[in-house]
Amino acid sequence: MNLMIVDDDIQIREGIQYGIDWDTIGITGVKSYGDGIEALEDYDDFAPQIILADIRMPAMDGLEFLKCVKERSEAVKVILISAYSDFEYCQKAIQLGASGYELKPLKVGSLIQKIQEMTELVRKEAEGKEAYDRYVASYREKLVEELFTGKITDRNVIIELLRMHFQLEDARNLICMVMAEDKGTEGLGDEIRQYLHSLLRNDQILLEFRNQFVVLTKTKDSAMYTLERQNHMKNLWYQIKQYGGSKGLSLSAGISGMVPAERICAGYETALQALGYRFLNGPGSFQIMDRQGKKETAGLCLPLEYEAGLKKHDLPELLNAVNMFGAVVLKSENTDLKQIKDLIMNGIVRLAQEMDQRAGAGRALEEAAYLSVCLQIWKAECERIMKAHEESCNANYSSNIRKAIAYIHEHYAKDLLVEEVAAYTGKTPNYFSSIFRTEVGMTFREYLNHYRIERARELIEGSDMMIYEIAERVGYSDYTYFSQVFKKVTGISPTSLRGRLKI
């Protein structure tokens with residue numbers, strides 16, 4: 001605790017300040033001042049819990065000083081000291097809120113006893129206030145939960161509760177905005193809370209529920225008025241988004257339409273559904289939903305192209321099917337995370353079974369917060385499984401064929417002939433072609449074309465290169481021939497694939 005001593009007699013104030021071992025009675029900070037004006041100037045910074053002040057001082061006497069102090073804090077304990085045992089002074093001091101009155105010459109033992117009494121009183125009051133504050137916080141938290149989970153539905157009760165406990169007057173109709181920090185950027189809740197409070201108007205309140213900020217705004221049963229309120233809340237979110245962005249924080253928000261007070265839980269659920277659109281749109285998203293209710297999602301399934309890619313063991317076709325699935329989900333505005341993740345996991349498991357490999361990525365997929373991340377995990381797992389399958393197949397090849405395949409992968413972009421690869425393995429072209437087809441299951445030329453087309457498809461999907469440039473990059477100098485081979489291998493022309501990706 002801090003003790004402030006105010007007396008114009010330097011011997012008295014310094015005698016009290018330095019003549020007593022304050023640490024032994026719990027006083028850790030002691031300052032002394034020659035008059036009340038000087039003490040008031042330092043009051044806020046020093047923040048004393050106990051004050052000893054002389055009544056007779058120049059410029060500002062002790063009673064006037066006491067009055068000024070009590071206007072700043074009712075909790076501070078002020079003990080007045082004086083050489084005058086005047087009843088009127090005592091009476092006035094008590095009226096102004098003095099906690100004690102000591103006469104000069106001061107008796108050290110009596111003064112220490114009085115200070116000890118004040119420190120104990122301060123502690124008890126602080127403990128009581130903390131307990132009360134905890135009770136109020138707990139009650140408000142429980143009240144918010146009951147409002148948003150529909151346990152309180154009486155219109156008049158809700159209106160009165162919002163008025164009594166949150167100072168929102170006559171809230172007959174409401175709009176709800178749910179705002180939450182995005183995955184991977186949590187950590188500035190206190191700063192955001194303070195800034196958000198500074199932006200709120202008299203017809204708005206800020207609540208917290210399930211690690212979310214919930215803003216309730218009063219509105220009227222009017223479409224135009226509600227639209228204006230929604231636009232205002234959108235601007236509010238935009239300011240919060242900018243503020244958070246400057247600190248490396250991303251926030252998303254969902255806003256409901258107008259709901260009557262008795263359906264406040266429906267407003268919260270609708271805003272929560274709107275917030276769920278960040279799964280589709282990514283972090284920092286915003287959505288308004290005027291009506292509650294989920295979209296029909298029963299028809300969502302794995303693309304037929306994915307099934308075809310499974311049967312053909314065609315990685316480019318599988319990756320293209322993943323892109324198509326993502327486009328379908330976005331178009332349908334399906335925010336059912338469980339359904340979508342279950343479908344993706346099913347696709348991964350199907351591929352793993354087909355390739356006789358183990359499926360992974362389950363935990364990563366479960367923790368993914370956005371559709372784009374789910375699709376990236378799916379693609380990465382497709383590539384991993386296909387690579388593991390290829391490596392397991394290669395393990396069954398003879399050393400000469402493994403050597404030949406490695407050479408093909410390194411030199412596929414040039415005009416590669418079977419004679420060159422056969423010579424590299426130390427075999428005649430006829431003998432090499434025979435053992436290659438026997439072990440790999442396709443001719444040298446077929447394997448080379450498939451490998452080149454796979455690399456071409458990756459470039460079409462992952463770059464802005466012109467198609468003819470890609471053809472040359474993977475070893476085809478004749479664009480027409482490249483297109484014919486591409487369509488034969490993939491079932492689609494390279495220009496059609498590029499067109500699909502732009503949709």
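As the structure is a computational prediction, the values presented were derived from the model and not from experiment.

Points about the packing of helix α12 (residues 315-332) against helix α15 (residues 371-395)
- At a closest axis distance of 10 Å, the pairing of α12 and α15 adopts a crossing angle of 165°. Overall, the two elements α12 and α15 adopt an arrangement that is roughly antiparallel. As for how α12 packs across α15, the hand of that crossing is right-handed. Along the contact surface, α12 presents L315, L318, L319, V322, N323, F325, G326, V329 and L330, while α15 presents L371, L375, W378, K379, C382, E383 and M386.
- Residues of the contact of α12 with α15, tallied by class, amount to 12 nonpolar, two polar and two charged.

Things to note about helix α16 (residues 399-411)
- Taking 1.5 Å per residue as the helical rise, α16 with its 13 residues ought to reach 18 Å, and the 18 Å between its terminal C-alpha atoms agrees with that figure.
- For α16, the full list of buried residues reads I401, A404, I405, Y407 and I408. The buried residues of α16 all sit within an arc of 160° when viewed along its axis, so they share a single face. Exposed residues on α16 whose side chains face more than 90 degrees from its buried face are S399 and E410.
- Lining the buried residues of α16 we find α15, α17 (418-425), α18 (429-440) and α19 (444-462).

Here's the deal with the domain arrangement of the chain
- Partitioning the chain into domains gives domain 1 (2-127), domain 2 (165-289), domain 3 (304-394) and domain 4 (398-502).
- Each of domain 1 and domain 4 was reduced to a C-alpha centroid, and the two centroids are 92 Å apart.

Details of the packing of aromatic side chains
- If you walk through the whole model with that rule in mind, you get 18 aromatic pairs.
- Ring geometry for F436 against F444: centres 6.2 Å apart, planes inclined by 75°, an arrangement best described as edge-to-face.
- What links up through ring pairs into an aromatic cluster is the set Y476, Y479, Y481, F482 and F486.
- The ring of Y476 has R452 sitting right over it, with the charged end atom 5.2 Å from the ring centre.
- In this structure, R455 packs its charged tip against the face of Y451, placed 4.5 Å from the ring centre.

A short note on the UniProt feature "domain: HTH araC/xylS-type" (unreviewed entry) in the chain
- As recorded in UniProt, the feature "domain: HTH araC/xylS-type" (unreviewed entry) lies at residues 402-500.
- Each end of residues 402-500 is marked by a C-alpha atom, and these two atoms are 36 Å apart; helix forms 76% of the span and strand 0%.

Concerning a nonpolar patch on the surface
- On the surface, Y132, Y135 and Y139 cluster together into a nonpolar patch covering about 370 Å² of accessible area.
- For Y139, a relative accessible area of 34% gives the class partly exposed.

Things to note about the pairing of strand β1 (residues 2-6)
- Among the five residues of β1, five are classified as buried, and the element is accordingly described as predominantly covered.
- Burial of β1 is two-sided: the residues N2, M4 and V6 facing one way and the residues L3 and I5 facing the other way are all buried.
- Here β1 runs beside strand β2 (residues 29-33); their pairing, made up of five bridges, is parallel. Residue L3 lies in a different strand from β2, and its bridge partner there is V30.
- Note that the unit made of β1, helix α1 (residues 10-19) and β2 has a crossover that is right-handed.
- Here β1 pairs with strand β3 (residues 50-54) via four bridges, running parallel. In the strand pairing of β3, I5 is matched with L52.

Thresholds, definitions, all that
Residues numbered from 1 in each chain as written. Predicted model: local features only at pLDDT ≥ 70, side-chain atom pairs only at ≥ 80, totals over all residues. Heavy atoms only, no water. Axes fitted to C-alpha atoms, helices over the stretch in contact; angles between N-to-C directions. Helix = DSSP H or I, 4+ residues; strand = E, 2+ residues; numbered from the N terminus. Parallel < 35°, antiparallel > 145°, perpendicular 65-115°, else oblique. Left-handed = near helix turned anticlockwise from the far one by under 90°. Contact = heavy atoms within 4.5 Å. Nonpolar A, V, L, I, M, F, W, Y, C, P; charged D, E, K, R; others polar. Expected span 1.5 Å × (residues − 1). Buried < 20%, exposed > 50% of the residue type's maximum accessible area, 1.4 Å probe, protein only. Arc of directions from axis to C-beta. Domains from an automatic or database assignment. Phe/Tyr/Trp six-rings, centres within 6.5 Å; stacked < 30°, edge-to-face > 60°. Lys NZ or Arg CZ within 6 Å of the ring centre and 35° of its normal. UniProt positions renumbered as here; feature names shortened; annotations may be inferred. Patch = residues over 30% accessible without salt bridge, like charges linked within 9 Å, V, L, I, M, F, W, Y side chains within 5 Å. Areas by Shrake-Rupley, 256 points an atom, 1.4 Å probe, with all protein chains shown as cover. Salt bridge = Lys/Arg side-chain N within 4 Å of Asp/Glu carboxyl O. Pairing = 2+ DSSP bridges. Right-handed = clockwise from strand over helix to strand, strands pointing away.

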